[in-house]
Amino acid sequence: MPTPSMEDYIEQIYMLIESKGYARVSDIAEALQVHPSSVTKMVQKLDKDEYLNYEKYRGLILTSKGKKIGKRLVYRHELLEQFLEIIGVEKENIYDDVEGIEHHLSWNSIDRIGDLLQYFEDNPSRVAELKQVQQNNS
């Protein structure tokens with residue numbers, strides 16, 4: 001399993017490739033707010049661990065293993081954002097909160113949160129009830 005830092009890189013690379021069709025070291029560095037030399041070191045490690053294929057000056061592509069994990073990491077991030085929004089976390093806190101917790105939850109917990117979100121989607125009246133409770137407690 002990748003480390004939390006590796007996950008951040010894989011997730012960002014996956015999102016860049018999905019949106020732009022490619023991911024350059026400079027794009028990754030800008031998105032993660034790190035130095036390009038740090039990106040190069042991590043990309044070399046991810047290449048060694050077979051999450052991506054990297055050729056100096058030619059770019060990188062995710063392997064099927066990297067794509068699978070990248071897709072799952074993006075899903076986890078989006079799921080946690082939806083969850084925090086539904087339970088009433090203020091929008092300006094959601095991104096930082098997700099970044100703070102996403103690496104500390106098991107995939108079992110993530111799956112259960114997904115089940116809960118599916119329940120809320122299937123029962124919109126429950127979301128309205130939750131919002132009402134939140135207003136009453138404010």
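Residues numbered from 1 in each chain as written. Predicted model: local features only at pLDDT ≥ 70, side-chain atom pairs only at ≥ 80, totals over all residues. Heavy atoms only, no water.

Trainee: Just give me the short version of the side chain of H103, but keep the residues and values in it.
Mentor: With respect to the secondary-structure elements, H103 resides in the loop between helix 5 (91-101) and helix 6 (107-122). Reaching out from H103, the side chain makes a polar contact with the side chain of E7 at a distance of 2.7 Å. Discounting residues that sit within four places of it in the chain, H103 has contacts with P4, E7, D8 and R76. (Helix = DSSP H or I, 4+ residues; strand = E, 2+ residues; numbered from the N terminus. Polar contact = N/O pair within 3.5 Å; in protein donor to acceptor, adjacent residues only side chain to side chain. Contact = heavy atoms within 4.5 Å.)

Trainee: So what's going on with the nonpolar core? Which residues, and what values?
Mentor: Grouped burial of nonpolar side chains is what soluble globular proteins tend to show. In this structure, I13, I28, V39, L46, L52 and L60 are the most contacted members of the largest nonpolar core, which totals 21 residues. Of the residues forming this core, the biggest block, six residues, is contributed by helix 1 (residues 4-20). Beyond its immediate chain neighbours, meaning those up to four positions away, I28 contacts Y9, I13, L16, A23, V39 and L60. Counting nine residues, the second-largest nonpolar core is a separate cluster that includes L79, F83, L84 and V98. (Core = buried A, V, L, I, M, F, W, Y, C linked by side-chain atoms within 4.5 Å. Buried < 20%, exposed > 50% of the residue type's maximum accessible area, 1.4 Å probe, protein only.)

Trainee: Hey, could you go over the pattern of salt bridges for me, with residue numbers and the actual values?
Mentor: A full pass over the atoms with the stated rule returns nine salt bridges. Two residues, K91 and E85, come together in a salt bridge whose shortest N-O distance is 3.3 Å. For E85, a relative accessible area of 42% gives the class partly exposed. Salt bridges sharing partners connect three or more residues here, namely E7, R76 and E102. (Salt bridge = Lys/Arg side-chain N within 4 Å of Asp/Glu carboxyl O.)

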